[in-house]
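Here is what each chain is made of, one letter per residue.
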Amino acid sequence: MTASSGAAADASNVTAGLDVITLGTAAGPAIRSGAPGIATAIVIDGLHYLVDFGLGCTRQAHDAGLRGRDLRAAFITHLHSDHVGELPAYLLWNWGAPVDGFTDDVPIHGPGPRTGAMIEHVLAAFDEDISIRIVDEGRPDLRRIVRPVDIVLPADAAGAGPEATPAMRPFEIHRDERVTVTAILVQHPPVFPSFAFRFDTRYGSVVISGDTTECANVATLAAGADLLVHEAVDLAYFASGDFSAEFLNHQQISHTTPAGVGRVATAAGVGHVVLSHLAGVATDAQWAAGVAAEFAGPVTVAQPGQRFVPGRVAASS
Ligand SMILES: [Zn+2]
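Everything quoted here is computed from the prediction, not taken from an experiment.

## Some thoughts on the packing of helix H10 (residues 258-268) against helix H11 (residues 284-292)
Then, in step 1: At a minimum axis separation of 6 Å, H10 and H11 run at an interaxial angle of 40°. The orientation of H10 relative to H11 falls into the category oblique. Crossing handedness for the pair H10 and H11: right-handed. For the pair H10 and H11, contact is made by Pro258, Ala259, Val261 and Gly262 and by Trp287, Gly290 and Val291, respectively.
Then, in step 2: When grouped by side-chain class, the residues that make up the contact of H10 with H11 number five nonpolar, two polar and no charged.

## Quick notes on the packing of aromatic side chains
Then, in step 1: Counted according to the given criterion, the structure contains ten aromatic pairs.
Then, in step 2: Seen from their ring centres, Tyr237 and Phe243 are 5.3 Å apart, and the 65° between their planes marks the pair as edge-to-face.
Then, in step 3: Taken together, the ring pairs connect Phe75, Phe171, Phe195, Phe197 and Phe199 into an aromatic cluster.
Then, in step 4: Looking at Arg139, its charged tip hangs above the ring of Trp95, at a distance of 5.0 Å from the centre.

## What about the nonpolar core?
Then, in step 1: In this structure, Ile42, Phe75, Phe197, Phe199, Val270 and Leu275 are the most contacted members of the largest nonpolar core, which totals 54 residues.
Then, in step 2: Per element, the largest residue contribution to this core is five residues, and it comes from strand S8 (residues 180-188).
Then, in step 3: Beyond its immediate stretch of four places on either side in the chain, Phe75 contacts Tyr49, Leu50, Val51, Asp52, His109, Ile173, His174, Val181, Phe197 and Phe199.
Then, in step 4: Formed by 29 residues, the second largest nonpolar core is a distinct cluster that contains Ile21, Leu23, Ile108 and Leu123.

## Description of the coordination of the zinc ion
Then, in step 1: Around the zinc ion, the protein supplies His78 (NE2), His80 (ND1), His188 (NE2) and Asp211 (OD) as donor atoms, at distances of 2.1 to 2.3 Å.
Then, in step 2: Each of the four donor atoms bound to the zinc ion contributes to angles spanning 89 to 159°, and the resulting shape is irregular.
Then, in step 3: Within one chain, the residues donating to the zinc ion are spaced in sequence as H-x1-H-x107-H-x22-D. Taken as a pair, His80 in the loop between strand S4 (71-75) and helix H2 (81-84) and His188 in strand S8 lie far apart in primary sequence, 108 residues in all.

## Focus: empty space enclosed by the protein
Then, in step 1: Taken as a whole, this structure holds one cavity of 30 Å³ or more when the rule is applied.
Then, in step 2: By volume, the largest cavity is sized at about 70 Å³.
Then, in step 3: Taken together, 14 residues line the largest cavity, and the ones lying closest to its centre are Ile38, Ile208, Gly210, Ser276 and His277.
Then, in step 4: Elements with a contribution of two residues or more to the lining of the largest cavity: strand S11 (227-233) and strand S12 (273-279).
Then, in step 5: Here the lining of the largest cavity takes three residues from S11, the largest share from any one element.
Then, in step 6: In the lining of the largest cavity, the residues fall into four nonpolar, seven polar and three charged.

## Considering helix H9 (residues 245-254)
Since one α-helical turn is 3.6 residues long, residues separated by three or four positions face the same way.
Then, in step 1: When H9 is considered as a whole, its buried residues turn out to be Leu248, His250, Gln251 and Ser254. With its buried residues spanning 155° around the axis, H9 presents them on a single face. Facing away from the buried surface of H9 by more than 90 degrees, the exposed residues are Ala245 and Glu246.
Then, in step 2: Buried residues belonging to H9 abut S8, S11, helix H8 (235-240) and S12.

## Digging into the environment of Pro29
Then, in step 1: Here Pro29 is to be found in the loop between strand S1 (18-24) and strand S2 (39-44).
Then, in step 2: On the basis of relative accessibility, which here comes to 71%, the residue Pro29 falls in the exposed class.
Then, in step 3: Sequence spacing of Pro29 and Asp70 is 41 residues, and the spatial spacing of their C-alpha atoms is 28 Å.
Then, in step 4: Contact partners of Pro29, with chain neighbours within four places excluded, come to Ser81 and Asp82.

Criteria and thresholds
- Residues numbered from 1 in each chain as written.
- Predicted model: local features only at pLDDT ≥ 70, side-chain atom pairs only at ≥ 80, totals over all residues.
- Heavy atoms only, no water.
- Axes fitted to C-alpha atoms, helices over the stretch in contact; angles between N-to-C directions.
- Helix = DSSP H or I, 4+ residues; strand = E, 2+ residues; numbered from the N terminus.
- Parallel < 35°, antiparallel > 145°, perpendicular 65-115°, else oblique.
- Left-handed = near helix turned anticlockwise from the far one by under 90°.
- Contact = heavy atoms within 4.5 Å.
- Nonpolar A, V, L, I, M, F, W, Y, C, P; charged D, E, K, R; others polar.
- Phe/Tyr/Trp six-rings, centres within 6.5 Å; stacked < 30°, edge-to-face > 60°.
- Lys NZ or Arg CZ within 6 Å of the ring centre and 35° of its normal.
- Core = buried A, V, L, I, M, F, W, Y, C linked by side-chain atoms within 4.5 Å.
- Buried < 20%, exposed > 50% of the residue type's maximum accessible area, 1.4 Å probe, protein only.
- Donors = N, O, S within 2.8 Å, 3.2 Å for Na, K, Ca; no water.
- Tetrahedral: all angles 85-135°; square planar, octahedral: opposite > 155°, others 65-115°.
- 1 Å grid on protein atoms, 1.4 Å probe; cavity = no way out; pocket = protein on both sides within 12 Å on 5 of 7 lines; lining within 4 Å.
- Points joined across faces, edges and corners; volume = space filled by probe spheres on them.
- Arc of directions from axis to C-beta.

Below you can see the structure in the form of structure tokens.
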């Protein structure tokens, strides 16, 4: 019996073109709003690519009509728990024919050298369940079809570290007949390496900032992109709340204010800014106004499950 609903054949899943779905929009391993944690889907001609695995992404992807069988690759910006915490559940709920899951090679790209080790540990932790379902349900061996890929830094990243992010060229990490994915280092101390990703397709281009302070490399990667999905922090919230000095300092040196997002977007000349991975309690109007102070183009504060068509400003949920 299939565990999926009729939505598997949803027209949204087979339409030609490029969609970006902000599956989850909340920042941090903290539940401050009803929004699920950070996760984004890039859908190209009905096949999809996932960036990060925040809390709730498994159900959010399913509710968006995405099925594991249509997943072609996944990408992890960095190894903070709010970006990878639900990866185990996502894999275990999207694996094998009984759940319309993936049955063939799925690369998962993430920061080297620890992404591969993390995924191997996850698979080892669920060895009992995986072994049972292979025999009992005829599923393929999850340990063989999930393929971790450690992203290796190129030569022009020499000297980079948690607080040193040299200007560099974007470098290719994935290519198939639908998309070329490039990466660049961003600055998110003390987490290193941390990446932003760019997806170039025949329909348009989208950049996902990952977690970063205001960073010139993001503008380099996003040059001329149709859509920039960027994180943002509400520093007033962390400055006025009952947070430690260390925690406020982390927010200041590792995340980007809305005005900073606006400066990056202007430097890159992007077509449309979408804010996702929101840390704080600002209203949507406040988030957007901060970006608009530095960027003349369209700005949208993402809602969970919202769908964007790069190159077309009007977005629908
Ligand atoms: Zn982070």
